[in-house]
Amino acid sequence: MLKLTAFMAGLVFGLGLLLAGMANPSKVLAFLDVSGTWDPSLALVMLGAIAVAIGPLTWARRQTRSILGNPMQLPLKRELDPRLIGGSLLFGIGWGIAGICPGPAVAILLTGHWQVIVFVLAMLAGMLLFTALENRRTH
Amino acid sequence: MNIDWLNFTPWSSLAGGALIGVAASLFVVANGRIAGISGLLGSLLQRGSEGVSEKALFLLGLLVAPLVWGLFTALPQIEFQSGWSGLTVAGLLVGIGTRYGSGCTSGHGVCGISRLSPRSIVATACFMFSGFATVFALRHVLEI
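- Chain B has the name YeeE/YedE family protein in an unreviewed UniProt entry, where Pseudomonas tehranensis is given as its organism.
- Of the comments in the UniProt record for chain B, the one headed Subcellular location (unreviewed entry) reads "Cell inner membrane".
- Taken directly from UniProt, the Sequence similarities (unreviewed entry) text for chain B runs: "Belongs to the TsuA/YedE (TC 9.B.102) family."

- Per an unreviewed UniProt entry, chain A goes by the name YeeE/YedE family protein and belongs to Pseudomonas tehranensis.

**Looking at the overall build of chain B**
- Each helix and strand in chain B was counted, giving 6 helices and 1 strand.
- Reading chain B from its N end, one meets helices and strands in the order β-α-α-α-α-α-α.
- If you line up chain B on its principal axes, its C-alpha atoms span 45 × 40 × 35 Å.

**So, helix α3 (residues 52-72) of chain B**
- Its 21 residues give α3(B) an end-to-end C-alpha distance of 31 Å, which sits within 8% of 30 Å, the value for a rise of 1.5 Å per residue.
- By the largest-angle criterion, B:V64 marks the main kink of α3(B), which is about 45 degrees, and a proline, B:P66, follows within four residues.
- For α3(B), the set of buried residues is B:E54, B:K55, B:L57, B:F58, B:L59, B:G61, B:L62, B:A65, B:P66 and B:W69.
- Check the buried side of α3(B) and you find it contacts α1 (2-20) and α5 (102-107) of chain A together with α1 (10-31) and α2 (37-44) of chain B.

**Let's talk about the UniProt feature "transmembrane region" (unreviewed entry) in chain B**
Residue and element names in this part refer to chain B.
- With numbering matched to this structure, UniProt assigns "transmembrane region" (unreviewed entry) to residues 20-45, 57-78 and 121-142.
- Across residues 20-45, the secondary structure splits into 77% helix and 0% strand, with the terminal C-alpha atoms separated by 24 Å.
- Regarding residues 121-142, the helix share stands at 95% and the strand share at 0%, and the terminal C-alpha atoms are separated by 30 Å.

**Details of the nonpolar core**
- Of all hydrophobic cores here, the largest spans 88 residues; its most connected members are A:A49, A:F119, B:I20, B:A23, B:A24 and B:F27.
- When residues of this core are assigned to their parent elements, the largest contribution, 11 residues, is made by α1(B).
- Non-local contacts of B:A23, meaning those with residues more than four positions away in its chain, are made with A:A9, A:V12, A:F13, A:G16 and B:A35.

**Examining the UniProt feature "transmembrane region" (unreviewed entry) in chain A**
- Mapped onto this numbering, the UniProt entry gives "transmembrane region" (unreviewed entry) at residues 40-59, 80-100 and 112-133 of chain A.
- Helix makes up 95% of residues 40-59 of chain A and strand 0%, with an end-to-end C-alpha separation of 30 Å.

**Let's talk about the environment of B:E50**
Residue and element names in this part refer to chain B.
- Structurally, E50 can be placed in the loop between α2 and α3.
- Accessibility expressed as a C-beta count within 10 Å gives 9 for E50, which makes it exposed.
- Remark: the alpha-carbon pair of E50 and I34, spanning 16 residues in sequence, is separated by 14 Å.

**Overview of the packing of helix α4 (residues 82-98) of chain A against helix α6 (residues 118-141) of chain B**
- Where α4(A) contacts α6(B), the axes come no closer than 7 Å and their chain directions differ by 35 degrees. The way α4(A) lies across α6(B) gives a crossing that is right-handed. Across the interface between the two elements, A:L84, A:I85, A:S88, A:L89, A:F91, A:G92, A:I93, A:W95, A:G96 and A:I97 of α4(A) pack against B:R119, B:V122, B:A123, B:C126, B:F127, B:M128, B:F129, B:S130, B:G131, B:T134 and B:V135 of α6(B).
- Of the residues that constitute the contact of α4(A) with α6(B), the class distribution is 14 nonpolar, 6 polar and 1 charged.

Conventions and cut-offs
Residues numbered from 1 in each chain as written. Chains lettered and ligands numbered in written order. Predicted model: local features only at pLDDT ≥ 70, side-chain atom pairs only at ≥ 80, totals over all residues. UniProt positions renumbered as here; feature names shortened; annotations may be inferred. Helix = DSSP H or I, 4+ residues; strand = E, 2+ residues; numbered from the N terminus. Expected span 1.5 Å × (residues − 1). Bend = angle between axes of the 7 residues up to and from the residue. Buried ≥ 20, exposed ≤ 12 C-beta atoms within 10 Å, placed from the backbone. Contact = placed C-beta atoms within 7 Å. Core = buried A, V, L, I, M, F, W, Y, C linked by C-beta atoms within 7 Å. Axes fitted to C-alpha atoms, helices over the stretch in contact; angles between N-to-C directions. Left-handed = near helix turned anticlockwise from the far one by under 90°. Nonpolar A, V, L, I, M, F, W, Y, C, P; charged D, E, K, R; others polar.

This is the structure:
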């Protein structure tokens, strides 16, 4: 059952991205181009998502287990450290260059565009680089 | 400010956002996990992660979404504006940045803001700001 709900959640997430227009890099860039001809659609994606998710996530904060018995795994960190801020700023630069963030990258990987394959390979390389640097730091 | 009314898609964007919210809710309520794509990907790239099958199945669902969509109707337009060098630099920055920043648009922007996490609110403000600034610099200063 846990596997089925995980798969369904991923599938619905992907269908939502496609419907919302998030899976189209040109539309994402048009949203980020506030001083050009601005397409505000993607602000509504976030609004719609948060409006639906805020209830269940508030409920989840008060639980120790999910309804299927998994431990509730919500992040516990509270500090606003330089890693959070620096990392997020870097991510935004990459997002602003190509108009692709990790969710849409996976959701359009099988649509046959070479561009997304290049992007995903580079993104995975970036993630592996982070892991390698972290391992060196802690050993 | 010029609004691009021609390409403004309020209803499909709201509805798509609501679906994303449903998916994030299902994953947390049923599996007790945050639907943060960079976090899920990153943890699968690390040895000794727990819950590998659930994380991989979520990503599999996301991966096959366009195939399922295609069973019913034509895929929406997907148009790129970068060449291979831009895509490579962007991908590297997104990969490194989301791991150092512990999340991306889904984990911080949707799930984190929905649970009113101060870290996620700050992270979202940071990547929105640098996203806006980058597009401004590329399109209106450097005019690339």
